[in-house]
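Report on the structure
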Amino acid sequence: MKKIWKTMQPWFLYFLMYAIVGWAYEVFLEVVVYQWGYSDRGVLFGPYCPVYGVGALAFLLCFHKLMAKKEPRWFRWIKPLIVFAGCMVVATAIELATSYILEAITGAWPWQTYVDYAVNFQGRIALSPSVRFGLGGVLFLYVLQPLFERLVGCMSQETLNRVSTLLAILFVLDCALTVITG
């Protein structure tokens, strides 16, 4: 079990970092772009949206070989387009699945419905957010992931153990409290 946790620690920290980035993005959109005012955009108590963490891990799992691959010069221009399209599809599938799961568990999904968007499916997913997810995936994989890898990589094993264990305990407690009080 210790060996599995040791392997999962960086992935868990990536998950949390992306979940926090996703929460900040959602709040930014709500407060600055749409000017609706602040509301907590997460489904848990903490400042994170786990669906962004799941999406980012899915991007890493789906595209890590492509991102690490040494490519011919001509492919350097095509690769970001492939990553964009792939992230768009993966994130949209996750959003759709999450909407069904949350609706089954809680009776609703926590983001606005997309019924007013020109191209949408059941108000659950829409083209415009899917394009933003594709752009976000490119940002995650080309900019944030190298930064997060350096951040996690500079931690000693002891620090990594302590930080990831503490954050895992807090996250599990947050999930439990959300279920109990929800």
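Above this text sits the structure in question.
Residues numbered from 1 in each chain as written. Predicted model: local features only at pLDDT ≥ 70, side-chain atom pairs only at ≥ 80, totals over all residues. Heavy atoms only, no water.

A few words now on the environment of L144. Position of L144 among the secondary structure elements: in helix 4 (residues 127–153). Take L144: its relative accessible area is 15%, and that puts it in the buried class. Separated by 130 residues in the primary sequence, L144 and Y14 have C-alpha atoms spaced 9.8 Å apart. Excluding residues that lie within four positions of it along the chain, L144 makes contacts with Y18, V21 and L139. (Helix = DSSP H or I, 4+ residues; strand = E, 2+ residues; numbered from the N terminus. Buried < 20%, exposed > 50% of the residue type's maximum accessible area, 1.4 Å probe, protein only. Contact = heavy atoms within 4.5 Å.)

Taken as a whole and judged by the stated rule, the model has 2 salt bridges. The salt bridge partner of E103 is R124, with a shortest N-O separation of 2.4 Å. Of this pair, E103 sits in helix 3 (residues 79–106) while R124 sits in the loop between strand 1 (120–121) and strand 2 (125–126); the two residues are 21 residues apart in sequence, bridging distant segments of the chain. For E103, a relative accessible area of 31% gives the class partly exposed. Judged by its relative accessible area of 7%, R124 is buried. (Salt bridge = Lys/Arg side-chain N within 4 Å of Asp/Glu carboxyl O.)

Next up on the list: the packing of aromatic side chains. All told, the structure shown has 11 aromatic pairs when counted by the stated rule. Relative to Y14, the ring of W11 lies with its centre 6.1 Å away and its plane at 75°, an arrangement referred to as edge-to-face. In this pair, W11 and Y14 are both assigned in helix 1 (residues 2–33), 3 residues apart and thus about one turn of the helix distant. Owing to a relative accessible area of 9%, Y14 belongs among the buried residues under this scheme. Relative to F15, the ring of F12 lies with its centre 6.3 Å away and its plane at 25°, an arrangement referred to as stacked. Note that F12 and F15 are positioned in helix 1 at a spacing of 3 residues, about one turn of the helix. (Phe/Tyr/Trp six-rings, centres within 6.5 Å; stacked < 30°, edge-to-face > 60°.)

Contact geometry for helix 3 and helix 4: axes closest at 7 Å, N-to-C directions at 120°. Taken together, the axes of helix 3 and helix 4 lie oblique to each other. Viewed along their axes, helix 3 and helix 4 form a crossing whose handedness is right-handed. Counted together, K79, P80, V83, F84, C87, M88, A91, T92 and E95 of helix 3 and L127, S130, V131, F133, G134, L135, G137, V138, L141 and Y142 of helix 4 form the full contact between these two elements. Its residues assigned to classes, the contact of helix 3 with helix 4 comprises 13 nonpolar, 4 polar and 2 charged. (Axes fitted to C-alpha atoms, helices over the stretch in contact; angles between N-to-C directions. Parallel < 35°, antiparallel > 145°, perpendicular 65-115°, else oblique. Left-handed = near helix turned anticlockwise from the far one by under 90°. Nonpolar A, V, L, I, M, F, W, Y, C, P; charged D, E, K, R; others polar.)

Taking 1.5 Å per residue as the helical rise, helix 4 with its 27 residues ought to reach 39 Å, and the 36 Å between its terminal C-alpha atoms agrees with that figure. Remark: the principal bend of helix 4, roughly 45°, maps to L144, with a proline, P146, within the next four residues. (Expected span 1.5 Å × (residues − 1). Bend = angle between axes of the 7 residues up to and from the residue.)

Let us now look at the packing of helix 2 (residues 50–68) against helix 4. Running from amino to carboxyl end, helix 2 crosses helix 4 at an angle of 70°, the nearest separation of the two axes being 10 Å. Here helix 2 is positioned roughly perpendicular relative to helix 4, judged by the angle of their axes. Helix-helix and strand crossings are classified by hand; for helix 2 and helix 4 the assignment is right-handed. Counted together, Y52, A56, F59, L60, F63 and M67 of helix 2 and F133, G137, F140, L141, Y142 and Q145 of helix 4 form the full contact between these two elements. The residue makeup of the contact of helix 2 with helix 4, split by class, is 10 nonpolar, 2 polar and no charged.

All right, on to the environment of F15 then. Overall, the relative accessible area of 11% leaves F15 in the buried class. If we ignore the near neighbours within four places in the chain, the residues touching F15 are P50, G53, V54, L57 and F171.

For the rest of this paragraph, the subject is the nonpolar core. Membership of the largest hydrophobic core comes to 37 residues, with the highest contact counts inside it found for F12, Y14, Y18, F59, L141 and F171. Listing elements by their share of this core, those giving two or more residues are helix 1, helix 2, helix 3, helix 4 and helix 5 (157–181). In terms of residue count, helix 1 provides more of this core than any other element does, 10 residues in total. Apart from the residues lying within four places of it in its own chain, the contact partners of L141 are F59, L60, F63, M67, V83, C87 and P146. With 6 residues, the next largest nonpolar core counts W111, Y114, Y117 and A126 among its residues. (Core = buried A, V, L, I, M, F, W, Y, C linked by side-chain atoms within 4.5 Å.)

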